[in-house]
Amino acid sequence: MQFVHYLGAAIGLGMVVIGAGLGIGKFAAAAAEGIARQPSAADRITGAVNLPLFLLEGVAILAEVFILLIVLLK
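Residues numbered from 1 in each chain as written. Predicted model: local features only at pLDDT ≥ 70, side-chain atom pairs only at ≥ 80, totals over all residues. Heavy atoms only, no water.

### Describing the overall build of the protein chain
Counting secondary structure elements, the protein chain contains two helices and zero strands. Computed over its C-alpha atoms, the radius of gyration of the protein chain comes to 17 Å, more than 25% above the 11 Å expected for a compact globule of 74 residues. The buried share of the protein chain, reckoned over its 74 residues, is 16%. A total accessible area of about 5600 Å² is found for the protein chain, and carbon and sulfur atoms account for 76% of it. On the protein chain, the mean spot of the 4 positive side-chain charges and the mean spot of the 4 negative ones are 8 Å from each other. (Helix = DSSP H or I, 4+ residues; strand = E, 2+ residues; numbered from the N terminus. Rg over C-alpha atoms; globule rule 2.2 N^0.38 Å. Buried < 20%, exposed > 50% of the residue type's maximum accessible area, 1.4 Å probe, protein only. Areas by Shrake-Rupley, 256 points an atom, 1.4 Å probe, with all protein chains shown as cover. Lys, Arg positive; Asp, Glu negative; His and termini not counted. Charge placed at Lys NZ, Arg CZ, Asp CG, Glu CD.)

Written out as C-alpha cells, the structure is:
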C-alpha cells in the first residue's frame, strides 16, 4: 500500500511542474508582447517581470523539495 504515497507524490510533482511552466510562459509572453509594443520601455518591463518570475520559480523549487522529503521520509 506504500505505492499510493509514491503515486501521490508523482502526481503532485507533475502538477507543480506544469503549473510553474504555464505561469512562467504567461509572464514571458506578456513581457515579450509588451517589449514588442514599446521597445523603449524594455528595461522597465524586464525589471518588473523578473521578481514575479523568480518568486514563481522559487515556489516550484520548494514544492519539489517538499515532495522529495515526503518520499524519502515515508
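Next comes the rest of the account.
### Some details on the packing of helix 1 (residues 3-37) against helix 2 (residues 42-73)
In contact at an axis separation of 10 Å, helix 1 and helix 2 are set at 175° when each is read in the N-to-C sense. It follows from the interaxial angle that helix 1 and helix 2 lie roughly antiparallel. Across the contact of helix 1 with helix 2, the residue classes break down as 20 nonpolar, four polar and one charged. (Axes fitted to C-alpha atoms, helices over the stretch in contact; angles between N-to-C directions. Parallel < 35°, antiparallel > 145°, perpendicular 65-115°, else oblique. Nonpolar A, V, L, I, M, F, W, Y, C, P; charged D, E, K, R; others polar.)

### Here's the deal with the environment of Ile 45
Along the polypeptide, Ile 45 turns up in helix 2. In this structure the C-alpha to C-alpha distance between Ile 45 and Gly 34, which are eleven residues apart in sequence, comes to 7.2 Å. Once you skip the residues sitting within four places of it in the chain, Ile 45 turns out to touch Ala 31, Gly 34, Ile 35 and Gln 38. (Contact = heavy atoms within 4.5 Å.)

### Structural notes on helix 2
Between the first and last C-alpha of helix 2 there are 46 Å, a value that for 32 residues agrees with the 46 Å anticipated at 1.5 Å per step. When the local axis directions of helix 2 are compared, the greatest deviation, roughly 25°, occurs at Asn 50, which is followed within four positions by the proline Pro 52. Residues of helix 2 that are buried include every one of Ala 42, Ile 45, Val 49, Leu 53, Ala 60, Ala 63 and Ile 67, and no others. Of the surrounding elements, those touching the buried residues of helix 2 are helix 1. (Expected span 1.5 Å × (residues − 1). Bend = angle between axes of the 7 residues up to and from the residue.)

### Let's talk about the pattern of salt bridges
Across all of its chains, the model carries one salt bridge by this definition. With a closest N to O distance of 3.0 Å, Glu 33 and Arg 37 form a salt bridge. Here Glu 33 and its partner Arg 37 are both found in helix 1, four residues apart, which amounts to about one turn of the helix. (Salt bridge = Lys/Arg side-chain N within 4 Å of Asp/Glu carboxyl O.)

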